[in-house]
Amino acid sequence: MSQKLTAVKGMNDLLPPESHSWVWLEGVVRGIMNRYAYSNIRTPIVEPTALFVRGLGEVTDIVEKEMYSFEDRLNHEQLTLRPEATAGVVRAVIEHNLLYEGGKRLYYMGPMFRHERPQRGRYRQFHQIGAEALGFSLPEVDAELILMAHNLWNELGLKNIKLELNSLGEPAERSLHRAALIEYFESNIEVLDEDAKRRLHSNPLRILDTKNPSMQELVEKAPKLMDFLGESSSAHLAKVCKILDLNGVTYSINSRLVRGMDYYNLTVFEFVTDQLGSQGTICGGGRYDYLISQMGGKPSPAVGWAIGVERVLELLKDANLLPSIEGPDVFAVVPSSRDIEKVMQVIQKLRVKGVSVQMHSPSASGNPGSAKPIDADADSRGSMKSQFKRADASGAKFALIFGEDELSNGLVTIKTLRDGVGLQRVEALSNVDDWASSLKS
Ligand code: ATP
Ligand code: MG
């Protein structure tokens, strides 16, 4: 026996019926994206490693320890499975000169890869839904993105999602703050862990993002960037806040919110819940006005966010907010194989007319290639009783019974399975088109 093949640790198969929830959530998101006029973009899952090193910053958790990187066997290019999609979107925007006639509002959905310790809400392959508004500098666009996410929680029925906001200011303000931070951490060097010590001079802001409990108090009292903001940065944040206020969106200012990538400036935000343990952030984003030029494009401002799909679905499941699975309109009960061609023709017509039909077919078991003869007898299709059991279990609204007698008279029996159970009528196969719509939900 060969060794059993299994999925890679931390990477999950999405199977029915859970996959129904995914399809449903994606549909809700598409509806919202349409209303905010964001267009879909799809970039490759593999990108040059340098894209992420340059885009996310060398001294970040993702680039330092979470990337799946490998060398292309043929041309020795260094490649990486994307750990996030903003860098790829920015690359595509530059490569295709998408901003030549003004800003672009884009969204994506798809898998991301990070080599982290798998646990609830944290996987090695996970999925993000993201929105990016590129080429826009005004605070109203930051607000638009936040309002869009807020609207999504509302439409999904999620409650108790908290919005935290901060401003990371502009580079000059950050360097003043940075100097103050280094001084502060240096005078408390005995409290710093190894990670923090290493980052003290390379990226002290990142220390504020620490999850180490023994450093929380130190970080709490660190100099706040907010106190170093100039007039224009403060005004930008104030405008975002005012728009949120007017729309009834509540938030708190969290001066410790720094986000995991280096590319942010001005507005940063996270939507968090206390219902997922330490994996409580379901959406994170902010402004990244310098990333496009840093990656070789014409300087253009931008702002965006990304949602963790697994975490949102987990929340929805816990709150009992996932929709129940709809069965097909029709379950086709086919007692005999004798006139199967005729049955298939009717079912095809129904499906073309928009009726969803699940057809009973006997399951094959045993060795492939050793199937029963084509003219399998009635018994091999399963008894009427077992077919009706399946029809009920399928959640279908109607059973269409293609009995031998009915078929030979050019008829089919339609039985109601739900409201008004047991109601029965007979229709002619010759005019399927006339009665098909009566079966549609
Ligand atoms: P965290 O602090 O939880 O590691 P992050 O700051 O690294 O999150 P982002 O890079 O901002 O996360 O990604 C946006 C969202 O994607 C997160 O808020 C989260 O919901 C989700 N996410 C990030 N990493 C994972 C993962 N390994 N598994 C599942 N979801 C994830
Ligand atoms: Mg992370």
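Asks: It is not clear to me how the domain arrangement of the chain should be interpreted in this structure. Could you clarify?
Replies: Split by domain assignment, the chain resolves into domain 1 (18-169 + 229-318) and domain 2 (330-363 + 375-439). Centre-to-centre, using C-alpha coordinates, domain 1 lies 48 Å away from domain 2.

Asks: Any chance you could explain the sheet that holds strand 3 (residues 68-71) here in plain terms?
Replies: Each strand in a sheet pairs with its neighbour through backbone hydrogen bonds, running either in the same direction (parallel) or in the opposite one (antiparallel). In space, the three strands of this open sheet follow the order 2-4-3, with antiparallel pairing throughout. A strand with exactly one partner marks an edge of an open sheet, and here the two such strands are strand 2 (46-48) and strand 3. Pairs of neighbouring strands in the sheet enclose a mean axial angle of 35°, with direction left out of account. By the bridge criterion, three bridges tie strand 2 to strand 4 (residues 78-81) in an arrangement that is antiparallel. Residue pairing across strands places Val 46 opposite Leu 81, the latter belonging to strand 4.

Asks: Please explain the site of ligand 1 as it appears in this structure.
Replies: Taken together, 16 residues sit near ligand 1, with Arg 114, Glu 116, Arg 122, Arg 259 and Thr 281 positioned nearest. Within the side chain of Arg 259, a nitrogen or oxygen atom sits 2.8 Å from an oxygen atom of ligand 1. Taking Arg 311, its side chain carries an N or O atom lying 3.2 Å from an oxygen atom of ligand 1. Alone, ligand 1 offers 580 Å² of accessible surface; in the complex the protein occludes 92% of this. If you list the elements that add at least two residues to the shell around ligand 1, you get strand 6 (125-134), strand 10 (281-287) and strand 11 (302-308). Ranked by the residues each element gives to the shell around ligand 1, the list is headed by strand 10, at three residues.

Asks: What's the story with the nonpolar core in this structure? I'm lost.
Replies: Within soluble globular proteins, side chains that are nonpolar tend to cluster in buried spots. Ranked by size, the top nonpolar core spans 48 residues in total, and within it Leu 56, Leu 134, Phe 185, Leu 208 and Tyr 288 carry the most contacts. Per-element accounting of this core gives the leading share, five residues, to helix 4 (residues 86-95). For Leu 56, the residues in contact, after removing those within four places along its chain, are Ile 62, Val 63, Pro 83, Glu 84, Ala 87, Met 261, Asp 262 and Tyr 263. Counting residues in hydrophobic clusters, the runner-up holds 43 residues, among them Ile 32, Val 141, Val 240 and Leu 244.

Asks: What is the right way to read the layout of surface pockets from this model?
Replies: The space that makes up the second largest pocket amounts to roughly 630 Å³. If you trace the second largest pocket, you find 24 residues lining it, with Glu 18, Ser 21, Trp 22, Leu 313 and Leu 322 closest to the centre. Those elements giving two or more residues to the lining of the second largest pocket turn out to be helix 1 (18-35), strand 6 and helix 12 (309-318). With six residues, helix 1 is the largest single contributor of residues to the lining of the second largest pocket. For the lining of the second largest pocket, the class distribution of residues is 11 nonpolar, six polar and seven charged.

Asks: Where do I start with empty space enclosed by the protein in this structure?
Replies: Empty space among the atoms becomes visible once a probe the size of a water molecule is rolled across them. Tallied over the entire structure, the rule returns two cavities of 30 Å³ or more. Taken as a whole, the largest cavity holds about 50 Å³ of empty space. As for the largest cavity, its lining consists of Leu 208, Val 219, Glu 220, Ala 222, Pro 223, Lys 224, Leu 225, Ser 255 and Arg 256. Tallied by class, the residues present in the lining of the largest cavity amount to five nonpolar, one polar and three charged. A volume near 40 Å³ is recorded for the second largest cavity. Every residue lining the second largest cavity is listed: Val 29, Ile 32, Met 33, Met 148, Ala 149, Leu 152 and Trp 305.

Asks: Help me understand helix 12 in this model?
Replies: Structurally, the α-helix is built with 3.6 residues per turn, so residues lying three or four positions apart point the same way. Counting buried positions along helix 12 yields seven of 10 residues, so the element is predominantly enclosed. Taken residue by residue, helix 12 has Val 309, Glu 310, Arg 311, Val 312, Leu 313, Leu 315 and Leu 316 as its buried positions. Residues of helix 12 that are buried sit in contact with helix 1, strand 6, helix 5 (139-156), strand 10 and strand 11. Remark: Asn 320 follows helix 12 within two positions and exhibits a positive phi of approximately 60°.

Asks: Can you walk me through the pairing of strand 12 (residues 330-333) in this structure?
Replies: In the case of a regular strand, side chains alternate between the two sheet surfaces. On strand 12, burial covers both faces: Val 330 and Ala 332 on one face and Phe 331 and Val 333 on the other are all buried. Pairing between strand 12 and strand 13 (residues 357-359): three bridges, direction parallel. Following the sheet pairing, Ala 332 is matched in strand 13 by Met 359. After leaving strand 12, the chain enters helix 13 (residues 340-352) and then returns to the sheet as strand 13, a path that is right-handed. Alignment of strand 12 against strand 14 (residues 398-401), held across four bridges, turns out to be parallel. Along strand 14, the bridge assignment pairs Ala 332 with Leu 400.

Definitions and cut-offs
All residue numbers here refer to positions counted from 1 along the written sequence of the relevant chain. Just so you know, chain letters begin at A and ligand numbers begin at 1, following the order they were written in. Where local features are concerned, this predicted model is filtered to residues with pLDDT of at least 70; where side-chain atom pairs are given and counted, the filter is 80 or more; whole-chain, interface and lining totals use all residues. Excluding hydrogens and water, the side-chain figures rest on all heavy atoms present in the structure. Segmentation of the chain into domains, including their bounds, is taken from an automatic or database domain assignment. Two strands pair under a simple rule: DSSP has to find at least two bridges between them. Per the convention used, a helix needs a DSSP run of H or I reaching at least four residues, while a strand needs a run of E reaching at least two, with both numbered from the N terminus. As a rule, the C-alpha atoms of each element are fitted with a line to give its axis, helices using only the stretch in contact, and angles between N-to-C directions run from 0 to 180 degrees. If even one non-hydrogen atom of a residue comes within 4 Å of a molecule or strand, that residue is called near it. Pairing of N or O atoms within 3.5 Å defines a polar contact, subject to two protein rules: one partner must be a possible hydrogen donor and the other a possible acceptor, and residues neighboring in sequence count only if both atoms are side-chain atoms. Each accessible area value is a Shrake-Rupley result obtained with a 1.4 Å probe; residue values ignore everything except the protein chains displayed when judging cover. Think of a nonpolar core as a cluster: buried Ala, Val, Leu, Ile, Met, Phe, Trp, Tyr and Cys residues, connected wherever their side-chain atoms sit within 4.5 Å. Only protein chains enter the accessibility calculation, which uses a 1.4 Å probe; a residue whose area is less than 20% of its type maximum is buried, one above 50% is exposed, and one in between is partly exposed. Note on definitions: a residue-residue contact is assigned when non-hydrogen atoms from the two residues lie within 4.5 Å. Both cavities and pockets are sets of points on a 1 Å grid over the protein atoms alone; in a cavity a 1.4 Å probe fits but cannot get out, in a pocket the set is open with protein on both sides within 12 Å along at least five of seven lines, and lining residues sit with an atom within 4 Å of a point. Grid points are joined across faces, edges and corners, and a volume is the space filled by probe spheres set on the points. Each residue receives one of three labels: charged for Asp, Glu, Lys and Arg, nonpolar for Ala, Val, Leu, Ile, Met, Phe, Trp, Tyr, Cys and Pro, and polar for the others, Gly being one of them. Orient the strands so they point away from the viewer; a crossover is then right-handed if the path from the first strand over the helix to the second runs clockwise.

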